[in-house]
Structures are given as structure tokens and as C-alpha cells.
Amino acid sequence: MGKFSFKQFAPFAILMIVAIFALFIPLLPNFDEGKYSGPDIAFILIAAALVFLMTPGLAFFYGGMVHRKNVLSTMIKSVVAAGVITVLWTVVGFSLAFGDTIGGFIGNPSTFLFFKGVNSGAPHLQGGADLTIPLSLFAVFQLMFAIITPGLVVGAVAERIRFTSYILFIVLFAIFVYSPLAHWTWHPQGFLFKMGVLDFAGGTVVHISAGMAALAGALVLKRRKSHLEHKEVPPANIPYVLIGTGLLWFGWFGFNAGSALSAGSLAVSAFLTTNTAAGAAGLSWMFFDVARGKKPSVLGFCIGAVVGLVAITPGAGFVSISSSIFIGAIAAVISNLVVSWKQKTSLDDTLDVFPCHGVGGIVGMLLTGVFATKTVNAAGADGLFYGNPAFFITQLKGAVIVIIFSFVVSFVIFKFVNLINPIRVSEEEEELGLDASQHDEKYSQGTLLVEERAIYIEKNSPLTEPIS
């Protein structure tokens, strides 16, 4: 047993207090007056599970790209959000995002406190149309979005952020950045929603917010020692990146198609635009690299595909399938150029979260303003390409508001966390690696055979028979 520390005990104590309070929330029966659609319920259940799969997919995607000594610490920071945000969402997050509106800016935290009344709630949000699924299913579907968003920020601050400080960051980020943005954009009374901003599945709420938080985090945490010394950090496991890309691509079908909230033609259209944009973007990134004199790479295609998925997210249900080819292709080129620019600066965004998610989300929001068409979704609006510049201006205003808000609030959160608990590991801990210094664990995949062979050679030199 180590010496008692209040800082070490506090997280456990807070969780226990929350668990005890939860026992006193009154139980209410499920609300069902035959208003729900069985096929829609089945579809959104599957979509929610697919979105959840994106979180371990993201862990593989990021974990494969960092240094071997930081693989586990990077992966757990994505996955641990599933625990932290699930509890927080149940207690107050869903209320802040989708509770009764307070001026169009935030939900009343008491509306669904501890999920009070969610099971028995009427099948609609304040001022919105009736849902064909239970409110509880809508809540859990939205939870999956809330889980993955802070996990995206990990890539920018990887290899140098203290684990306990990161936990505090995602709690504050979910309360002060994610929930307000979800309310503004997706609640029927949210001010961006009423302004006419369209974000089908999270271009602003998820990707721009995470991208701007990533930029803020990179600036607050400053540069890694390896970055200062211009040392190349070899990816630990490129097959992990490929696996992660596959899981993200697969899960994104639930992310975008599920955002139709019903099993209909809109979900089919969103599914197709998602797949098309991802394929076009992966090829665009890879071929653009080749055009610039590089060789086609696994990482290039994987990163490009993810950028395409990011860019199509805000417009997946509002643009045509053919437009999604252009959106994916051009977003990949723009993000590729921003990555190249970033490499010439002192900005140490470890895994290029800002150029890929932040810029990709911005491009997607603006191109939604260009290519949205009522032909796809009558609830949407025609964009600039179809003769409506006013809608493009609305999308531009919405994107600018979210960019400024997300960056400023995230920057303040990172600074505040640093006052409470040092946010960056020591130079010695960084050199040792965060797997060992933060978790007392070690990633050994792919090293065991090499080590065994070295021992064998040392004991049996010269080597007389091969090792199977």
C-alpha cells in the first residue's frame, strides 16, 4: 500500500458518491402507447452498437501510429471514455444536451438527471416532432457520439499527457463543450438549429469540436522531446492502423445512417454517401502523395479514408451520392496539404487530429452548404451549387461560431486542468514511455520472437539450426 493521497482517492470517492445517489432515483415504467416502430428500434439499436465499435476502432487506429512505448497509454485514453462518459451522460450529460432548453444554449440539468424519466418520457424532445423510437434509445444512441468525441482529442496530445489529467479533461470537455454544442445543433430549440445550420451526424458537434480541442491541447502541452529534436517516431504497428480504419469505416455506417433515426430511404442515402466519400478520400490521399513524388502507403490510404468519413458526416443525409465523391476527394487533398504545412511549423499535434478532424469537419460543413439538396432530404435546403448562397452563408456562420467556441473553451479547460494537476508527464516519464510510467504495463507484441532469438544466438553461437 502506498502513501495516502487525496488526489488519488478523489476519483474513486466521486464515483462512489454518484453510485449511492443513483439508488434514490425513482423507477418509472417504460412509456409505450404503440407509437414506436419495431423496425426503427431494431435499426437504431444496431446503429448504436456500430457507433460504439468505433471507440475501440479509434484505439487501434491511434495505438498503431505512436511509438511502441506509448501504445497502451494511447489506446486506453480512447477506450476509458466509454466508462467516464457513460456515467456522466446518465447523471447529467443527456440533460445538458437534450433537456428542456434554457435560452437555446443549454439543456436544464434537472430534466433527465440520473436518466430520471427517460424510460417513461414522451417520444419527443421539447418543441420537436415525435420520435418513432423510445427516448431511452435516442439517449443511448447519442451517448455513443459523446463517448468517441473526447477520444478523438487523444491523438493530438499522445505521448505526453498525464492519464489522470486527461480523465479530468474529458469530464470538463463533455460538460462545457460537447453538451452545449449538441444542444445548439441537434435540439429543436437550439440556437444553431433554429438559425438553419444543418449538421446531419456531427461535423460541428463531434469533429470540429474535437479538432479545435486538439489544437488547444497541442498548444498547452507544447512539444514532445522527440519533436524538438526532430526525431522520427516509427509507428508501432501499421496493421493496427489498418484494423482500426476498418472498424471505424464499419462503425461509421451506424454513425451516419443511424442519424436518420429511422430505417428508411434517408438512412440508405446516408449509408451510400458515407461509403462513397470514404473510398474517394482514401484514393485521393494516396494518389495525391504519389503525384508529389511519394510512394503509395497503407497509412496514407487509411488516413485519407478517415478524412473522407469526417468530411461527409455533416452532409451525409443532405447531399447526393455523386456529390460525396467530390467531397471526399477534395477534403483529403486539403487535409493532406494542412498536414504538410503543419510539419513545417512548431505545432506538435502528434497524430494530426486538427488537420484531419478539425479541417475535415470544417470542409464538410462548408461543402454541405454547397451541395445540400432538397431532392435528397425535404427537411434540408438547397446549397450554393443549386442557387442558394444564403444557406452556404448560414453554414459558414455556424462553423465559425463552433470553431471559436470549441477552441477557446477547450484552451481554458486545458489550462484549468493544469492548475489542478500537472497535465504533462515529466521528462523522465516521457523518455521511459507512458505505458510504463502511467500504467506500469508494457506493450510487447512483435518483440518476443526477436528477444528470444537474441537469447538463443547468445547461448548457442554460432547458430546451427533455425528457430521455428
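Residues numbered from 1 in each chain as written. Predicted model: local features only at pLDDT ≥ 70, side-chain atom pairs only at ≥ 80, totals over all residues. Heavy atoms only, no water.

Looking at an unreviewed UniProt entry, one finds the chain named Ammonium transporter and attributed to Pedobacter alluvionis. According to the UniProt record, the Sequence similarities (unreviewed entry) comment for the chain reads "Belongs to the ammonia transporter channel (TC 1.A.11.2) family." (UniProt positions renumbered as here; feature names shortened; annotations may be inferred.)

J.: I tried to follow the UniProt feature "domain: Ammonium transporter AmtB-like" (unreviewed entry) in the chain on my own but got confused; where do I start?
T.: The feature "domain: Ammonium transporter AmtB-like" (unreviewed entry), as annotated in UniProt, sits at residues 42-442 in this numbering. The span residues 42-442 is 68% helix and 1% strand, and its two end C-alpha atoms sit 40 Å from each other. (Helix = DSSP H or I, 4+ residues; strand = E, 2+ residues; numbered from the N terminus.)

J.: What am I meant to see in helix α13 (residues 321-342) here?
T.: Owing to its 3.6 residues per turn, the α-helix brings residues three or four apart onto one side. Over its 22 residues, α13 runs 32 Å from end to end, which matches the ideal 32 Å to within 8%, given 1.5 Å per residue. Three or more residues of α13 are buried, namely S323, S324, I327, G328, A331, A332, S335, N336, V338, V339, S340 and K342. Where α13 is buried, its residues contact α11 (265-291), α12 (298-312) and α14 (353-371). (Expected span 1.5 Å × (residues − 1). Buried < 20%, exposed > 50% of the residue type's maximum accessible area, 1.4 Å probe, protein only. Contact = heavy atoms within 4.5 Å.)

J.: When you look at helix α3 (residues 71-79) in this model, what are you seeing that I'm missing?
T.: Here α3 has its buried residues at V71, S73, T74, M75, K77 and S78. Elements in contact with the buried residues of α3: α2 (38-63), α4 (81-98), α5 (135-157), α6 (163-186), α10 (238-257) and α17 (434-439).

J.: Explain the packing of α10 against α12 here, please?
T.: A pair of packed helices can be characterised by two numbers: the angle between their axes and the separation between those axes. Taken N-terminus to C-terminus, the directions of α10 and α12 make an angle of 15 degrees; their axes are 10 Å apart at the nearest point. On the basis of the axis angle, α10 is roughly parallel to α12. As α10 runs across α12, the sense of the crossing is left-handed. On the side of α10, the interface is formed by I238, V241, L242, T245, L248, W249, W252 and N256, while α12 contributes V298, L299, F301, C302, A305, V306, L309, V310 and I312. Of the residues belonging to the contact of α10 with α12, the class tally is 15 nonpolar, two polar and no charged. (Axes fitted to C-alpha atoms, helices over the stretch in contact; angles between N-to-C directions. Parallel < 35°, antiparallel > 145°, perpendicular 65-115°, else oblique. Left-handed = near helix turned anticlockwise from the far one by under 90°. Nonpolar A, V, L, I, M, F, W, Y, C, P; charged D, E, K, R; others polar.)

J.: Just to check I follow, could you spell out empty space enclosed by the protein for this structure?
T.: Left-over empty space is what a probe sized like a water molecule reveals as it rolls over the atoms. Applying the stated rule across the entire model yields one cavity of 30 Å³ or more. If you add up the space inside the largest cavity, you get close to 40 Å³. For the largest cavity, the full set of lining residues is M54, L58, I148, L152, H207, L248, W252, F255 and H357. Every element with two or more residues in the lining of the largest cavity is listed here: α2, α5 and α10. Among the elements that make up the lining of the largest cavity, the one with the highest residue count is α10 (three residues). Residues that form the lining of the largest cavity fall into these classes: seven nonpolar, two polar and no charged. (1 Å grid on protein atoms, 1.4 Å probe; cavity = no way out; pocket = protein on both sides within 12 Å on 5 of 7 lines; lining within 4 Å. Points joined across faces, edges and corners; volume = space filled by probe spheres on them.)

J.: How should the confidence of the model for the chain be read in this particular structure?
T.: Low-confidence regions, as indicated by low pLDDT, have predicted coordinates that should not be scrutinised in detail. Averaged over the chain, the pLDDT score is 91; the fraction of residues at 70 or greater is 93%. The element-level mean pLDDT for the chain is lowest in helix α18 (residues 448-460), coming to 49, with α12 highest at 98. Long-range and interchain partners of residues 446-454, a stretch whose pLDDT sits below 50, account for three contacts in this model, where long-range means more than four residues apart. Of the regions scoring below 50 in pLDDT, residues 462-468 engages in five contacts with residues more than four places distant in sequence or in other chains. (pLDDT = per-residue confidence, 0-100.)

J.: Hey, could you run me through the pattern of salt bridges in this one?
T.: Applying the stated criterion across every chain yields a total of nine salt bridges. The closest approach of N and O atoms between K225 and E427, which form a salt bridge, is 3.8 Å. Linking K225 in helix α9 (residues 225-228) with E427 in helix α16 (residues 427-432), this pair joins segments that are 202 residues apart in sequence. With relative accessibility at 29%, the residue K225 sits in the partly exposed group. What makes E427 exposed here is its relative accessible area of 52%. The salt bridge involving E430 is made with R424; its shortest N-O contact spans 2.9 Å. (Salt bridge = Lys/Arg side-chain N within 4 Å of Asp/Glu carboxyl O.)

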